[in-house]
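# Observations on the model geometry
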Amino acid sequence: MTEVTVPFRAGREGYASYRIPAVVATGVGTLLAFCEGRVTSAADHGNIDIVLKRSTDGGHTWGPLRAVARNGGHLAGNPAPVVLDTGRILLVHVRAAARASEDAIRRGRVKPADGRRVWVQHSDDDGLSWSGPREITRRVKREDWRWYATTPGHAVQLTTGRVVVPANHSLPPEGTDAGTEGRYNAGHCLLSDDRGESWYLGYLDENTDGYINVNETTATELPDGRVYFNTRNDSPAPGNRADAHSGDGGRTLVEPFRPQAGLLAPICQASVLQLRDPDLLLFSGPADPAARIRMSVRVSTDAGATWRPAHTVDDLPAAYSDLVRVDAATVGLLYETGDRNAYETITFRRIPVAALA
């Protein structure tokens, strides 16, 4: 049996809408559930905070809501948390002017100072308090990039100690294009080899061929040390998912992203998580190829080459999600869902590992 709790519900606790879930487990087992708290509407721009709820009992109950990143009435969003081997929790995220919509940014109508910029902050007390934010934009965003987003979902620290934060950006258009076309989507990752003190760019996956154009991306470390990346693809490749591997900790890709036709999904963000015991690579996301419905967990035992269904939550509307290992017997799924649309709640579901094997 799976168990369900609802840490975030639209219209409650001071926010009109909650979107973009991310979840991590700290070294002492506390679950930290992050998302965007959208103050006045469900829009992707405007007055948006990053909010957090903590659970000290594996997601059975949740503590009070707190805002951990605010931007003075503007946007702080796309939380990409990662728990380090030192116990410190990093929160990489983006900030932008409230009026800076994705359409305006991609069309080049937003000044760089008002566009999407990259920040990091940290907690050393299990998510109870947080440092002030520190900007790292110059290290990880090129001047000609327009749109920019971290993950969504959790980031990852490799066994080598390197921190990998998947991200995406858009390129300036060619000819008479507006810049809003899917073929200008591109991907990269942020890397840190000193636990978040300094940052630099890893791989770049950029093309304008309109076949695979990387969008929201998630990552995990495979048992053999390779990094597996899985991405939303908004261009008309087979299916709407693509994936890639890195053999050097995210600095480069073995090959560019390729279609992953084994994962039927709509155009939507998703999450991946590698379990070590048992050795299972998990994928969460809606399972209908055309609609954001039917949240499901799928499993690969060959490093993402092939996939099989493992657990379908239900047939309700569902959208973004994130996966976390709660304990030896349990995986947690934090996901957007509702009875009438996918954005009524952000729900947490405890799934037995035995149900996925």
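Residues numbered from 1 in each chain as written. Predicted model: local features only at pLDDT ≥ 70, side-chain atom pairs only at ≥ 80, totals over all residues. Heavy atoms only, no water.

### A short note on the pairing of strand β20 (residues 280-286)
The two faces of a sheet get side chains in turn, since along a regular strand they alternate between them. Most of β20 is tucked away: seven of the seven residues are buried. Of the strand pairs in this sheet, strand β19 (residues 271-275) and β20 are connected by five bridges, and their pairing is antiparallel. What sits directly across from Leu 275, in β20, is Leu 280. In this structure, the hairpin formed by β19 and β20 is closed by a connection of four residues. (Buried < 20%, exposed > 50% of the residue type's maximum accessible area, 1.4 Å probe, protein only. Helix = DSSP H or I, 4+ residues; strand = E, 2+ residues; numbered from the N terminus. Pairing = 2+ DSSP bridges.)

### Section: the packing of aromatic side chains
Using the criterion set out here, one finds nine aromatic pairs in the structure. Look at Tyr 203 and Phe 229: their rings are 4.9 Å apart centre to centre, the planes differ by 65 degrees, and that puts the pair in the edge-to-face class. A residue pair is termed long-range when its members are at least 10 positions apart, and Tyr 203 in strand β14 (residues 200-205) and Phe 229 in strand β16 (residues 227-233) qualify at 26 residues. Comparing Tyr 203 with Phe 229, the two get one shared label, buried. A centroid spacing of 6.3 Å and a plane angle of 45 degrees characterise the contact between Tyr 228 and Trp 307, whose relative ring orientation is tilted. In this pair, Tyr 228 sits in strand β16 while Trp 307 sits in the loop between β21 (295-300) and β22 (308-312), placing the two residues 79 residues apart along the sequence. Per residue, the accessibility class of Tyr 228 equals that of Trp 307, and both read buried. (Phe/Tyr/Trp six-rings, centres within 6.5 Å; stacked < 30°, edge-to-face > 60°.)

### Comments concerning the sheet that holds strand β18 (residues 258-259)
The four strands are arranged β15-β16-β17-β18 in an open sheet whose pairing can be described as antiparallel. Each end of this open sheet is capped by a strand with a single partner; those strands are β15 (214-221) and β18. Taken together, the two bridges between strand β17 (residues 241-246) and β18 define a ladder with antiparallel strand orientation. Bridge pairing in β18 places Asp 243 opposite Arg 258.

### Focus on the sheet that holds β21
The four strands lie next to each other as β19-β20-β21-β22, forming an open sheet whose pairing is antiparallel. Looking along the sheet, the strands with just one partner apiece sit at the ends: β19 and β22. On average, each strand axis in the sheet is tilted by 25 degrees relative to the strand beside it, whichever way the strands run. In the sheet, β21 pairs with β22 via four bridges, with the strands oriented antiparallel. When the bridges of β22 are listed, Val 299 appears paired with Arg 308. (Axes fitted to C-alpha atoms, helices over the stretch in contact; angles between N-to-C directions.)

### Describing the pattern of salt bridges
What the rule picks out here adds up to 24 salt bridges. One network of salt bridges, with partners in common, ties together Glu 36, Arg 38 and Asp 44. (Salt bridge = Lys/Arg side-chain N within 4 Å of Asp/Glu carboxyl O.)

### Observations regarding the side chain of Gln 269
As for its placement among the helices and strands, Gln 269 is situated in the loop between β18 and β19. The class of Gln 269 is buried, set by a relative accessible area of 1%. Polar contacts involving the side chain of Gln 269 include one to the main-chain carbonyl oxygen of Pro 152, which spans 3.3 Å. Only 2.9 Å separates the side chain of Gln 269 from the backbone nitrogen of Ser 321, close enough to count as a polar contact. Among all residues touching Gln 269, those that are not within four sequence positions of it are Pro 152, Gly 153, Glu 216, Arg 232, Arg 241, Pro 286, Ala 319, Tyr 320 and Ser 321. (Polar contact = N/O pair within 3.5 Å; in protein donor to acceptor, adjacent residues only side chain to side chain. Contact = heavy atoms within 4.5 Å.)

### Examining the confidence of the model for the chain
Do not read the fine detail of predicted coordinates wherever pLDDT is low. This prediction gives the chain a mean pLDDT of 97; 99% of its residues lie at or above 70. Of all helices and strands in the chain, the one with the weakest mean pLDDT is β18 (94), whereas strand β3 (residues 31-38) scores best (99). (pLDDT = per-residue confidence, 0-100.)

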